Amino acid sequence: MSEIMKKMVLCISFFVASLVLFGSLDSFANKASAETHTYDGKSPYYNSCANSAVTKKSVKIYANGGSANLELKFSTVCKTAWAKITLSRPAKADGEATALVVRNTDNKQFSCASPGGNGEINKGQTSCYTPMVYDLDPRKAKAVAFWPYTAGETDWY
């Protein structure tokens, strides 16, 4: 094989490996078209959005000798969604559990540890919440939770 062919094969291999590691071209395009809304990334307590909160979706997760309730919260005034996870017992270790809120239109997501959230669940704590994403139709959001060796997610709302 000539040197030029070897370099071409190497370049193509690198390109393919990059796609595998960093996602498809489609995901690159989606990131470029991410939405930006005033409430994205803000705490649910920003502008009192939490005052009009209702639980739109929830799921029970069982693990680690206890259970957790994962909720997709929605502000009827702010038209935003966020995730909240509540454990049935205090966490036994730092970083034991966390939640994510994900928006379907641009895959924007925030965890409890993101600015605007109250931090992942640490030893002795029982709950955490994420920042908000704007969630007015046609947008939908879902909540995802991670607890050691298990995970759960709500349906979209």
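Going by the structure above, here's the rest.
Fair warning: this is a prediction, and the values are worked out from it, not measured in the lab. (Residues numbered from 1 in each chain as written. Predicted model: local features only at pLDDT ≥ 70, side-chain atom pairs only at ≥ 80, totals over all residues. Heavy atoms only, no water.)

Caption draft 1: View of the pattern of salt bridges. Throughout the structure, instances matching the rule amount to 7 salt bridges. Where R89 meets E96, a salt bridge forms, and the shortest distance between an N and an O atom there is 2.9 Å. Take R89 and E96: they sit in the same class, and that class is buried. One salt-bridge network, held together by shared partners, links D40, R103, D106 and K108. (Salt bridge = Lys/Arg side-chain N within 4 Å of Asp/Glu carboxyl O. Buried < 20%, exposed > 50% of the residue type's maximum accessible area, 1.4 Å probe, protein only.)

Caption draft 2: Just the state of the cysteines, in detail. In total, this model carries 2 disulfides according to the counting rule given. Disulfide pairing places C49 opposite C78 at an S-S distance of 2.1 Å. Given an S-S torsion of about -95°, the disulfide between C49 and C78 has left-handed geometry. In this pair, C49 sits in the loop between α2 (25-32) and β1 (53-63) while C78 sits in the loop between β2 (66-75) and β3 (80-87), placing the two residues 29 residues apart along the sequence. C49 sits in the buried class, given a relative accessible area of 0%. At a sulfur-sulfur separation of 2.1 Å, the disulfide partner of C112 is C128. Classification of the bridge connecting C112 and C128 rests on its S-S torsion, roughly 70°, and on that basis the disulfide is right-handed. Within this pair, whereas C112 is found in the loop between β5 (109-111) and β6 (127-129), its partner C128 is found in strand β6, the two being separated by 16 residues in sequence. Looking at C112, the relative accessible area reads 1%, which means it is buried. (Disulfide = S-S within 2.5 Å. Helix = DSSP H or I, 4+ residues; strand = E, 2+ residues; numbered from the N terminus.)

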